Amino acid sequence: MKKVLFVAHVVKKHFMLFHIPYLKWFKENGYETHVCARNDYENKEECNIPYCDKYYDLPFERFPFKFNNILVYKELKKIIDNNEFDIIHCHTPVGGVLARLAARNSRREGTKVIYTAHGFHFFKGASIINWVLFYPIEKFCARYTDVLITINQEDYKRAQNFKANKIVYVPGVGINTNKFEKLNIDRVKKREMLGILESQKILLSVGELSKRKNHEVVIKALNKLNDPNIVYIICGQGNLDMHLEKKAKEFNVNLKLLGFRKDILEICRISDIFVFPSKQEGLPVAVMEAMASGLPVVCSDIRGNSDLISNNVGGYLFKLNDTDMLAHEISKLIDDKELCIKMAKNNLIKIKEFDIRNVKIIMEEIYGGKE
């Protein structure tokens, strides 16, 4: 029986979000499926990966120079050496590095090694430390890569300097646009459940409450608008919750932190504008879901965001941390319903490029070795 190994940093926050459709594809095509990743569930017993025949819980650390990663490398090498994998597909920076190094012998014996870069840590605007630490490592490991997959245009151009056998652009992990088209929601009732009036305008952000996601810049921009009719909703968890609530109170902004939600698609449907001020992304699924929900998007002009949103077409791109520009772009959409509808329609067309059906066709060619 043919075998495939998937390697990534964690299960809940990575594997379960992105890779289940591809594990399913391998199972349906006669492969025995193996997964290596850290069990990041609070209740470890909840870790149940669909379409996975064998799971290895390895203590991956996010920072590459942690001691645990040495242990992971040794264990990963044993797993790879003791199995004759036909394909190894690795993800996340640390998972990608350790898997490719551990698979060197197997690769010489015919194993196909694929690495998906979900967003290089070195990018336009990244810190010098990121470039010094991560660029040489990725460039070195590329020589042990049969197919290097990038999911945005900036990374694709950057990867041309690497010595991987093949470098390809794939439009993300894929989004199932069908489920958005079939979703019916009672807008008035859903708003009532969240304590929001039909007359109020909802600005929605989705993402962890962290400095990287940069939600504070939206609060500062809304302070400039001083519009009591605007409600700013954030779906996500993180250690900045109290800080953001304090800032919202200080700047007189109506903020609702909803925490982790399983009904984000429904919340998208009752919102008016999606705001995504992140400092760093690969290709953000949150923006893709907003587009598929028929929302205009205002987002930071960074890698990944600019792959999805064309300025003045599906929304607006603002310069990172430019609160005046952000406030101006939000106000244009708040005051112009027809413009919102036009941009939303453009996003519904654009997002088709990133539909999982299109992505799976590309990935099947990569897995099957078709040219």
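Provided above is the structure to which this section pertains.
Note that the structure is predicted; figures quoted are calculated from it, not measured.

1. Considering empty space enclosed by the protein
Counting across every chain of the model gives two cavities of 30 Å³ or more. In this model, the largest cavity occupies a volume close to 100 Å³. In terms of lining, the largest cavity is formed by 14 residues, of which the most central are Tyr22, His89, Thr116, Val173 and Met363. Of all the secondary-structure elements, those providing two or more residues to the lining of the largest cavity are β4 (87-91) and α17 (356-368). No other element matches α17, which puts three residues into the lining of the largest cavity. Residues that form the lining of the largest cavity fall into these classes: nine nonpolar, five polar and no charged.

2. Considerations on a nonpolar patch on the surface
Judged by side-chain polarity, Phe67, Ile70 and Leu71 come together as a nonpolar surface patch covering roughly 300 Å² of accessible area. With respect to the helices, strands and loops of the structure, Ile70 is situated in helix α3 (residues 68-81).

3. With respect to the pairing of strand β5 (residues 112-117)
The element β5 is largely enclosed, with a buried count of five among its six residues. Of the pairings in the sheet, the one linking β5 to strand β6 (residues 147-150) comprises four bridges and is parallel in character. By the bridge assignment, Tyr115 is partnered in β6 with Leu148. Between β5 and its parallel partner β6, the chain crosses via helix α6 (residues 128-141), and the hand of that crossover is right-handed.

4. Considering the layout of surface pockets
For the second largest pocket, the calculated volume is near 360 Å³. Contributing to the lining of the second largest pocket are 17 residues, with Arg187, Ser271, Asp272, Cys340 and Ile341 lying nearest its centre. Of all the elements in the fold, those that place two or more residues in the lining of the second largest pocket are α12 (264-270), α15 (323-334) and α16 (337-350). Split into classes, the residues belonging to the lining of the second largest pocket amount to nine nonpolar, three polar and five charged.

5. Let's talk about unusual backbone geometry
Although it is not a glycine, Asn214 sits at a positive phi angle of roughly 65°. Position of Asn214 among the secondary structure elements: in the loop between β8 (201-206) and α10 (216-225). The phi dihedral of Asn226 falls on the positive side, at around 50°, and the residue is not glycine. Within the secondary structure, Asn226 is located in the loop between α10 and β9 (230-235).

6. A few points about the packing of aromatic side chains
If you walk through the whole model with that rule in mind, you get 15 aromatic pairs. The interplanar angle of 75° and the centroid separation of 5.8 Å between the aromatic rings of Phe6 and Phe26 together place this pair among those described as edge-to-face. With Phe6 in strand β1 (residues 2-10) and Phe26 in helix α2 (residues 20-28), this residue pair connects regions lying 20 residues apart in the sequence. With respect to class, Phe6 is no different from Phe26; both count as buried. Ring geometry for Trp131 versus Tyr135: centroids 5.7 Å apart, planes at 35°, classification tilted. With Trp131 and Tyr135 both in helix α6 and four residues apart, the pair spans about one turn of that helix. Here the basic side chain of Arg104 rests over the ring of Tyr144, its NZ or CZ set 5.7 Å away from the ring centre. Directly above the ring of Tyr316 sits Lys332, whose terminal nitrogen or CZ lies 4.2 Å from the centroid.

Rules behind the numbers
Residues numbered from 1 in each chain as written. Predicted model: local features only at pLDDT ≥ 70, side-chain atom pairs only at ≥ 80, totals over all residues. Heavy atoms only, no water. 1 Å grid on protein atoms, 1.4 Å probe; cavity = no way out; pocket = protein on both sides within 12 Å on 5 of 7 lines; lining within 4 Å. Points joined across faces, edges and corners; volume = space filled by probe spheres on them. Helix = DSSP H or I, 4+ residues; strand = E, 2+ residues; numbered from the N terminus. Nonpolar A, V, L, I, M, F, W, Y, C, P; charged D, E, K, R; others polar. Patch = residues over 30% accessible without salt bridge, like charges linked within 9 Å, V, L, I, M, F, W, Y side chains within 5 Å. Areas by Shrake-Rupley, 256 points an atom, 1.4 Å probe, with all protein chains shown as cover. Salt bridge = Lys/Arg side-chain N within 4 Å of Asp/Glu carboxyl O. Buried < 20%, exposed > 50% of the residue type's maximum accessible area, 1.4 Å probe, protein only. Pairing = 2+ DSSP bridges. Right-handed = clockwise from strand over helix to strand, strands pointing away. Phe/Tyr/Trp six-rings, centres within 6.5 Å; stacked < 30°, edge-to-face > 60°. Lys NZ or Arg CZ within 6 Å of the ring centre and 35° of its normal.

These figures capture arrangement, not role.
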